[in-house]
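Coordinate inspection notes
These are the residues of each chain, in order.
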Amino acid sequence: MSEERQNAATPKRMRFSLAAKMAIWASVFGSVTALGVAALMYMTSSSAVKQMEALATSEALERASVRLGASLDRLKQDTTILSTMPPIQGLIRTRESGGIDPLDDSTEVLWGNRLAHIFTSFLEARPEYFQIRFVSATDDGIEIVRVEKTEDGIQRTPESKLQRKAERPYFRRTLELRPGERFLSDVNLNREYGELEVPHRPTVRAATPVFDDKTGEVFGMIVINADAQDYFRRMAAVLQRGQRLVVANADGDYLYHPDPALSFGFDLGERHLIQDAYPGLGDIDPDTESVVVGADGKSQLHQKRIVIDGDRPDRFLTLGVIEAESGLERQIGADTIRVILTAVAFILGGTALAVFWSRYMTRPLKEVTAAAVSLRRGRRDVDLSGVRERNDETGDLARAFGAMADEISDRELALREQSKALIESNERLSDLNTQLSAVMQTAPDGLIVIDEAGIVQSFNPAAERMFGYSKDEVIGQNVRILMPEPYRREHDGYIRNYLDTGEGQIIGAGREVHALRKDGTTFPIELGVSPMQVGDKQLFLGMTSDISRKKAIERQREERFIARLKRSNEELALARTEAEAATIAKSEFLANMTHELRTPLNIIVGFAGLLAKSKGLRDEDRRFANTIDSSSRALLALVNDILDFSSLEADAAQLHPVPFSMVRLVEEVAASVSLMAEEKNLTVKIERGNAVGEAHFGDPGRLHQVLLNLVNNAVKFTDKGTVTIALSAAEHSDSVQHLRIEVRDTGIGIDPERVETIFNRFTQANSSIHGRYGGTGLGLAISYRLVEMMGGKMGVESVEGKGTTVWFEITLPCMAAQALADDDRADEPQRSSSAARVLVVDDVDLNRDLVSALLEPEGYVISEAAGGAQAIEAVKTGNYDMVLMDVQMPDVDGLQATRTIRAMRGFEHLPIIAMTAQALASQWEKCREAGMSDHLPKPITPATLRAMMSKWAEGAKRVGGDSSSLLKTGR
């Protein structure tokens, strides 16, 4: 049928031209687009505002929770740090040892002051902390040391104001903790002495138990009180404008609220709960952050829980941030209406313009349409020259008709060339596959290819020999069948981690692992894994090497090393045993030498003194006696110096700190050298600084020894002028004072080249010193070491020919003057009783004769025993007020005899004084352990014997009476 007939047969209906359709569709499209854009803009903007506000609130909540978590973590860490401070164990040791630390002789007061200083430093460094305590686990939880911030600054709480905390919940909970665990209390208002502190102070407490290192038992706890309001303010500081912070405890009570009147109602008698404002809190997942709408239907609370006790999830804080109210959404609605009205105006103008423009644009399109119809009917002489010259779409369309045939021809030619290139590429790929297959087949190491799911894709012959599987048994299986535990369960995680992050523990690197053979045995391999991309598939190549032989060689080397190490340890243990034996032998040698030297010296010094005081001697005989007496005392001083230095070298010397007066000690030393100074027409002066305290805690015996040595040297090396003892001190704190003692003389001075060596042992200023003044050169070396033992330092300043200043500085704890007065009364010597009966026990007859010769003129009744066995029998049958007991005797020594006497009924308090030639402190300690009341070192002088008798004889009763008042504990 012809086209004209078809058109005639088609019923006529309303027809719009393309120009009309374009105008109509332009108008409709513009209207819909404008309305859609306006609606979409409103919804998108509104949603974006809400999302931004929600995101900002969520981020603020996260920042606040991180800051709170960091603050609480630091609080718990600080309790752990404080619990490990040395003063903690020092206080424990002093309380278990009667108030004196057996390790370094520090007192409980000294350790407490040190701990208080550490607490003070922490309070200064942590503004949010206002109280740190060391609380005892016993005695109703009494506070041992407490330091707190007050209106007057950081102060230590006096002992009279320390509180008992056994009834507080944190006290009982902390005692249940294991070492290293910490407890955080609930947040509440701080109470002092059972009453709320005013002004109110929100408080959170961290506590950790303190264990006795010796027994492993709980001794007490460290407790830090922190200002919770400070933590809340820090969290609120991270919020944005308009956001508000709320914090509630596990029961829902407000701890922090924008309205302060709602906070801590549970402590003030009127509770305010977060559930009342946000009822939906009870329906949320407690382990996730969530958003809850308030009871007013408007406010939104972003909240999360912060668990403060890992063992009890019911102990938590609810941390919430209330979204800020914004006017952006209302502004967006108004802007949307303005956009719609503007769009309508533009649509009306655009419709008119579209009608005109569509008619102009469709005219050339009609010509192209007519040409297309002609082409469809087979005509090729269509003339579109007028349209082709146009520079618009219709011109492009006309030119496309002419280029279409040429383009089809070009494409056919290009297709033939691509086909040829593809054939050549396939041939090269086949060659490459052949080469790769040869490499896989001949490689000495196992090569295994897997995909991203871990399924084996390739398994070469070396891998077959190594694992015992054929490739058909492995390909298609998960590579885990070649791995023992724990590599088997961890393997897939390694692949997932690499695919997700691009990082892997073994991918791209080598490591040593164990593999599993088909027969179930394991063996070590060196594994390297490399990723490779084949097309769109991610594969992994594993290269394995059996290193069993290498490991066997390493084990042999390790066994040989362990054997050599074992032999070295055995040789070291043998050497240590020999060294300990040598030390014991040295100590025994010193003890024996002490006894053998002091025993004859005792007789020589004693009888020389008696002879010198005898009446009727010729002047020449008296001079001889005085010469014997002075020479024997010089020999005794030499023996004492050698023994003291030996004790210091062996670290056997000990300090015995007691309360004493430093001023009095200086005066005593000055008095002791006054006679020698007068003989040389020298003046001894004392200079005392105003800041020197009345009483200190230290070893007066050792300080007396040091100062006397320095003053003796000053007098010895000064021929004319003055010897000055200067005592000064810095202003002391409540606990310690730094003292400086100087001994200045106007003597011969020291050569500048010898000043640096003056404190070396056996050293004097020059070789002529010994010939003129005598001495061993040990005195200053001993004094230097003793000052170091007491934690001080010593130095010397000298100008040759003008004089020398030797000084030392020490730091001593301060004591109350009352303690010194009590100690003086305890040490006050007693006058002897002329009727007292004394038993003298010594295996050397001359020693007994010497004591008798010294005591009988004083009115004492003397009995003698030649050994320990005789002394035991004499005490049983005699009626003695005191026993003077030698220690080293051949049959029953003095220690065993004392133990036997103490075990007899009625003699528990009989004064037994050790007369020992053994000068070592360890020997004197054995005397005390055996039950002896005191010790009198040999050689015995009339003055030392008289002082000892006065100390113990006055008021002594006969055997069977109570002489306990005569015993001086620790003396």
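Quick caveat: nothing in here was measured; it's all calculated off a predicted structure.

**Some remarks on the overall build of the protein chain**
Check the secondary structure of the protein chain and you find 27 helices and 31 strands. Split into buried and exposed, the 971 residues of the protein chain put 40% on the buried side. Taking all contacts inside the protein chain whose residues are at least 6 apart in sequence as the whole, residues at least 24 apart take part in 60%.

**Focus on the packing of helix α19 (residues 700–716) against helix α21 (residues 779–789)**
The axes of two packed helices give the description: the angle between them and the distance between them. One can describe the packing of α19 onto α21 by two numbers: an axis separation of 10 Å at closest approach and a directional angle of 145°. Relative to α21, the crossing made by α19 is left-handed. Two secondary-structure elements touch here, α19 through Arg-702, Gln-705, Val-706, Asn-709, Leu-710 and Asn-713 and α21 through Gly-779, Leu-780, Ile-782, Ser-783, Leu-786 and Val-787. Residues of the contact of α19 with α21, tallied by class, amount to 6 nonpolar, 5 polar and 1 charged.

**Some details on the packing of helix α3 (residues 86–96) against helix α4 (residues 108–125)**
It is the contact of α3 with α4, at a shortest axis distance of 9 Å, that shows an interaxial angle of 160°. Between α3 and α4, the angle falls in the class roughly antiparallel. Judged by the sense of rotation from one axis to the other, the crossing of α3 with α4 is left-handed. Counted together, Pro-86, Pro-87, Ile-88, Gly-90, Leu-91, Arg-93, Thr-94 and Arg-95 of α3 and Glu-108, Trp-111, Gly-112, Arg-114, Leu-115 and Ile-118 of α4 form the full contact between these two elements. Class assignment for the residues of the contact of α3 with α4 results in 7 nonpolar, 3 polar and 4 charged.

**A short note on the pattern of salt bridges**
Enumeration over the complete set of coordinates arrives at 35 salt bridges. Salt-bridge contacts for Glu-62 lead to Lys-304; the nearest nitrogen and oxygen are separated by 3.3 Å. Of the two residues, Glu-62 sits in helix α2 (residues 18–83) while Lys-304 sits in strand β13 (residues 300–307), which places them 242 residues apart along the sequence. For Glu-62, a relative accessible area of 36% gives the class partly exposed. The salt bridge partner of Arg-93 is Asp-101, with a shortest N-O separation of 2.9 Å.

**Some details on the nonpolar core**
Of all hydrophobic cores here, the largest spans 49 residues; its most connected members are Leu-75, Phe-119, Phe-134 and Val-145. Contacts of Leu-75, omitting those with residues within four sequence positions, involve Tyr-129, Leu-184, Val-204, Ala-206, Ile-224, Ala-226 and Tyr-231. Among the nonpolar cores identified, the runner-up in size contains 41 residues, and Ala-670, Leu-727, Met-794 and Ile-810 belong to it.

**Thoughts on the environment of Thr-288**
Counting through the fold element by element, Thr-288 comes out in the loop between α8 (274–277) and β12 (290–293). Put simply, Thr-288 and Arg-305 are 17 residues apart on the chain and 7.8 Å apart in space, counted from C-alpha to C-alpha.

**Some remarks on unusual backbone geometry**
The omega angle of the peptide bond from Val-198 to Pro-199 is 0°, so this bond is cis rather than trans. Residues other than glycine seldom take positive phi values, yet Asp-105 does so here, at roughly 65°. Secondary-structure assignment places Asp-105 in the loop between α3 and α4. On the accessibility criterion, Asp-105 (23% relative accessible area) is partly exposed. Look at Asp-139: it is not a glycine, yet its phi comes out positive at around 55°. Among the residues examined, Asp-139 registers a relative accessible area of 47% and is labelled partly exposed.

**Some words on the sheet that holds strand β16 (residues 456–459)**
Taken in spatial order, the 5 strands of this open sheet run β16-β15-β19-β18-β17, and their pairing is antiparallel. Single-partner strands in this sheet number two, and they are β16 and β17 (510–516). Taken over all neighbouring pairs, the strand axes of this sheet differ in orientation by 35° on average, direction set aside. Bridging between strand β15 (residues 446–451) and β16 involves 3 bridges; their strand directions are antiparallel. Its bridge partner lying in β16, Val-449 is registered against Ser-458.

**Digging into a nonpolar patch on the surface**
Where nonpolar side chains cluster on the molecular surface, the patch consists of Ile-24, Trp-25, Val-28 and Val-32 and spans about 420 Å² of accessible area. Locating Val-28 in the fold gives a position in helix α2. Under the relative-accessibility criterion, Val-28 is labelled partly exposed at 40%.

**Brief notes about the packing of aromatic side chains**
In total, this model carries 5 aromatic pairs according to the counting rule given. With 6.1 Å between their ring centres and 35° between their planes, Phe-134 and Phe-219 make a pair best called tilted. Here the residue Phe-134 occupies a position in strand β1 (residues 129–136), and Phe-219 occupies one in strand β9 (residues 218–227), the gap between them amounting to 85 residues. For the pair Phe-134 and Phe-219, one class covers both residues: buried. If you follow Arg-201 out to its NZ or CZ, it ends over the ring of Phe-130, 3.9 Å from the centre. Lying over the aromatic face of Phe-523, Arg-517 brings its terminal NZ or CZ to 3.9 Å of the ring centre.

**Structural notes on the environment of Thr-107**
You can see Thr-107 is positioned in the loop between α3 and α4. Sequence spacing of Thr-107 and Phe-697 is 590 residues, and the spatial spacing of their C-alpha atoms is 9.0 Å. Beyond its immediate stretch of four places on either side in the chain, Thr-107 contacts Thr-94, Gly-99, Ile-100 and Phe-697.

**Quick notes on the pairing of strand β23 (residues 722–729)**
As judged from the 6 bridges shared by strand β21 (residues 683–688) and β23, these two strands associate in the parallel manner. From the neighbouring strand, Thr-683 faces β23, where its bridge partner is Thr-722. Taken together, the 7 bridges between β23 and strand β24 (residues 736–745) define a ladder with antiparallel strand orientation. Bridging from a neighbouring strand, Ser-728 pairs with Arg-740 of β24.

**Description of the sheet that holds strand β30 (residues 912–916)**
Spatially, the 5 strands line up as an open sheet ordered β28-β27-β29-β30-β31, and their pairing is parallel. Strand pairing shows two members of the sheet lacking a second neighbour, β28 (861–865) and β31 (934–937), which therefore form its edges. Each neighbouring strand pair of the sheet contributes to a mean axis angle of 25°, computed without reference to strand direction. Both strand β29 (residues 882–886) and β30 contribute to a ladder of 4 bridges, which runs parallel. Directly across from Leu-884, in β30, lies its bridge partner Ile-913. Along the sheet, helix α24 (residues 868–877) contacts β27 (837–841), β28 and β29; its crossing angle with β27, the most-contacted strand, is approximately 160°.

**A short note on a positive patch on the surface**
A surface patch of like charges, here positive, comprises Arg-557, Arg-560, Arg-564 and Arg-567. By the element assignment, Arg-557 lies in helix α15 (residues 548–613). The exposure class of Arg-557 is exposed, given its relative accessible area of 52%.

**Considering α21**
Taken as a whole, α21 has its buried residues at Gly-779, Leu-780, Ala-781, Ile-782, Ser-783, Leu-786 and Val-787. The first or second residue beyond α21 is Gly-791, which carries a positive phi of 80°.

**Some words on the pairing of β15**
When you tally the buried positions in β15, you get 6 out of 6 residues, the bulk of the element. Neither face of β15 is left uncovered, since the one carrying Gly-446, Ile-448 and Ile-450 and the one carrying Leu-447, Val-449 and Asp-451 both have all their residues buried. With 6 bridges joining them, β15 and strand β19 (residues 537–546) adopt antiparallel strand pairing. Residue pairing in the sheet places Ile-450 in a bridge with Phe-540 of β19.

**Observations concerning the side chain of Ser-71**
With respect to the helices and strands, Ser-71 occurs in helix α2. Judged by relative accessible area, which is 9%, Ser-71 ranks as buried. At 3.0 Å, the side chain of Ser-71 and the backbone oxygen of Arg-67 are in polar contact.

**Structural notes on the confidence of the model for the protein chain**
When pLDDT is averaged along the protein chain, the result is 79, and 75% of the positions lie at 70 or above. Predicted confidence is poor over residues 1–6, with pLDDT under 50, and the contacts of this stretch with residues over four places away or in other chains come to 3 contacts. Contacts from residues 767–775, a stretch scored under 50 in pLDDT, to residues over four places away or in other chains number 15 contacts.

**What about the environment of Arg-740?**
Mapped onto the elements of the fold, Arg-740 is located in strand β24. Separated by 10 residues in the primary sequence, Arg-740 and Ala-730 have C-alpha atoms spaced 8.6 Å apart. Apart from the residues lying within four places of it in its own chain, the contact partners of Arg-740 are Ala-726, Leu-727, Ser-728, Glu-797, Trp-807, Phe-808 and Glu-809. Within polar-contact distance, the side chain of Arg-740 engages the side chain of Glu-809 at 2.5 Å.

Cut-offs applied
Residues numbered from 1 in each chain as written. Predicted model: local features only at pLDDT ≥ 70, side-chain atom pairs only at ≥ 80, totals over all residues. Heavy atoms only, no water. Helix = DSSP H or I, 4+ residues; strand = E, 2+ residues; numbered from the N terminus. Buried < 20%, exposed > 50% of the residue type's maximum accessible area, 1.4 Å probe, protein only. Contact = heavy atoms within 4.5 Å. Axes fitted to C-alpha atoms, helices over the stretch in contact; angles between N-to-C directions. Left-handed = near helix turned anticlockwise from the far one by under 90°. Nonpolar A, V, L, I, M, F, W, Y, C, P; charged D, E, K, R; others polar. Parallel < 35°, antiparallel > 145°, perpendicular 65-115°, else oblique. Salt bridge = Lys/Arg side-chain N within 4 Å of Asp/Glu carboxyl O. Core = buried A, V, L, I, M, F, W, Y, C linked by side-chain atoms within 4.5 Å. Pairing = 2+ DSSP bridges. Patch = residues over 30% accessible without salt bridge, like charges linked within 9 Å, V, L, I, M, F, W, Y side chains within 5 Å. Areas by Shrake-Rupley, 256 points an atom, 1.4 Å probe, with all protein chains shown as cover. Phe/Tyr/Trp six-rings, centres within 6.5 Å; stacked < 30°, edge-to-face > 60°. Lys NZ or Arg CZ within 6 Å of the ring centre and 35° of its normal. Lys, Arg positive; Asp, Glu negative; His and termini not counted. Charge placed at Lys NZ, Arg CZ, Asp CG, Glu CD. Polar contact = N/O pair within 3.5 Å; in protein donor to acceptor, adjacent residues only side chain to side chain. pLDDT = per-residue confidence, 0-100.

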